[in-house]
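Structure assessment
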Amino acid sequence: SLERANSVANYLISTGINEDQLRVNGRGPKEPIASNDTREGRMQNRRVDILVVAEVRALDTLIFPSVALFERKSAELTERGQALLEKNRQAAIDLLSRATLIEIVGHTDSKGEEKDNMYLSQLRAASVRDYLISKGHDASKMITTGKGETKPVADNDTKEGRAKNRRVEILVLGRVEQE
C-alpha cells in the first residue's frame, strides 16, 4: 500500500504539486471497502485514497512546547511529558479516534547544527507517535515529520522566541464524521 501511495505522490509531484504539501501513508489491509473473500473485492480494496485538506484548523492541532516533553537535546519523553501528553490525549480522545490521518511534527530552534536539529525534530516526533501508539491509537493513521529549524513561529534571536520554536505539533488532517 505504501508503494502504491508513493507512486501516486511521485506522479503528482511530476505534474507540479509541491512535494512539501504531500503526506504519504500506507494503510495496508486497514479499511477495506469490499470483501476480501472474492477476487473482485480484493481488486476494489487495492486502491489509493487521496485526502485533500484545504487548511488545517486550529481546533485540529495540539501543540506541545518541547521543554514540557523532553530534556534538553533529548528525544526521550520525560515523566512530566508523558503526563502532559496523557492529559491532552484524554481530552482529545474522540478527535484522535475519528482522525483519518494524524501528522506529528517536530520543530527546533536555530541553535546548533541544522542537520542535528532536523534529526532531533524527527526523533521527537517519533517519540510522541510511539507514545500514542502505546496508548492504543492506530499506527497506520500516523505519520511523523521533522522540520528542524525550518518553520519558526517566533524570533530565534530571543530566548523566548527560541522556546516557542521548540515544539511538537499533533495535526489531525481529516476526520470521520460521527454517525
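Please refer to the structure higher up on the page.
Residues numbered from 1 in each chain as written. Predicted model: local features only at pLDDT ≥ 70, side-chain atom pairs only at ≥ 80, totals over all residues. Heavy atoms only, no water.

1. Brief notes about the overall build of the chain
When helices and strands are counted, the chain shows seven helices and four strands. Written out in order from the N terminus, the α and β elements of the chain read α-α-β-α-α-α-β-α-β-α-β. Dimensions along the principal axes, computed over C-alpha positions, put the chain at roughly 60 × 40 × 25 Å. Every one of the 179 residues in the chain was classed for burial, and the buried ones make up 36%. Carbon and sulfur atoms make up 49% of the accessible area of the chain, which amounts to about 11400 Å² in all. Each charge class in the chain was averaged separately, 29 positive and 28 negative side chains, and the resulting centres sit 1 Å apart. (Helix = DSSP H or I, 4+ residues; strand = E, 2+ residues; numbered from the N terminus. Buried < 20%, exposed > 50% of the residue type's maximum accessible area, 1.4 Å probe, protein only. Areas by Shrake-Rupley, 256 points an atom, 1.4 Å probe, with all protein chains shown as cover. Lys, Arg positive; Asp, Glu negative; His and termini not counted. Charge placed at Lys NZ, Arg CZ, Asp CG, Glu CD.)

2. Quick look at the layout of surface pockets
The gaps left among the atoms become clear once a water-sized probe is rolled over them. Estimates place the volume of the second largest pocket at around 580 Å³. Taken together, 22 residues line the second largest pocket, and the ones lying closest to its centre are Arg72, Lys73, Leu120, Arg124 and Arg166. Put simply, the parts of the chain that give the lining of the second largest pocket at least two residues each are α3 (66–69) and α6 (114–134). A total of six residues in the lining of the second largest pocket trace back to one element, the largest contributor, which is α6. Its residues assigned to classes, the lining of the second largest pocket shows seven nonpolar, five polar and ten charged. (1 Å grid on protein atoms, 1.4 Å probe; cavity = no way out; pocket = protein on both sides within 12 Å on 5 of 7 lines; lining within 4 Å. Points joined across faces, edges and corners; volume = space filled by probe spheres on them. Nonpolar A, V, L, I, M, F, W, Y, C, P; charged D, E, K, R; others polar.)

3. Examining the nonpolar core
Nonpolar side chains tend to gather and get buried jointly when the protein is soluble and globular. Within the largest apolar cluster, 20 residues are counted, with the highest numbers of intra-cluster contacts made by Leu69, Leu85, Ile102, Ile104, Val128, Leu132 and Ile170. Among the secondary structure elements, those contributing two or more residues to this core are β1 (61–65), α5 (93–97), β2 (102–107), α6 and β4 (167–172). The element that contributes the greatest number of residues to this core is α6, accounting for four residues. The contact partners of isoleucine 170, leaving out residues within four places of it in the chain, are Asp60, Thr61, Leu62, Phe64, Leu85, Leu96, Ile102, Glu103, Ile104, Val128 and Leu132. Counting five residues, the second-largest nonpolar core is a separate cluster that includes Val105, Ile143, Leu171 and Leu173. (Core = buried A, V, L, I, M, F, W, Y, C linked by side-chain atoms within 4.5 Å. Contact = heavy atoms within 4.5 Å.)

4. Notes on the environment of glutamine 122
Topologically, glutamine 122 is positioned in helix α6. Taking the C-alpha atoms as reference points, glutamine 122 and serine 1, separated by 121 residues in sequence, lie 23 Å from one another.

5. What about the environment of glutamate 113?
Looking at where glutamate 113 falls in the secondary structure, it is placed in the loop between β2 and α6. The class for glutamate 113 is exposed, based on a relative accessible area of 51%. For the pair glutamate 113 and asparagine 165, spaced 52 residues apart in sequence, the C-alpha separation works out to 15 Å.

6. Description of the pattern of salt bridges
Oppositely charged side chains may form a pair once their charged atoms are brought near each other. Scanning the model with the defined rule gives six salt bridges in all. In this structure, the salt-bridge partner of lysine 115 is aspartate 116, at a minimum N-O distance of 3.6 Å. The partner of arginine 129 in a salt bridge is aspartate 130, with the nearest N and O atoms 2.9 Å apart. Classification of arginine 129 as partly exposed rests on a relative accessible area of 23%. (Salt bridge = Lys/Arg side-chain N within 4 Å of Asp/Glu carboxyl O.)

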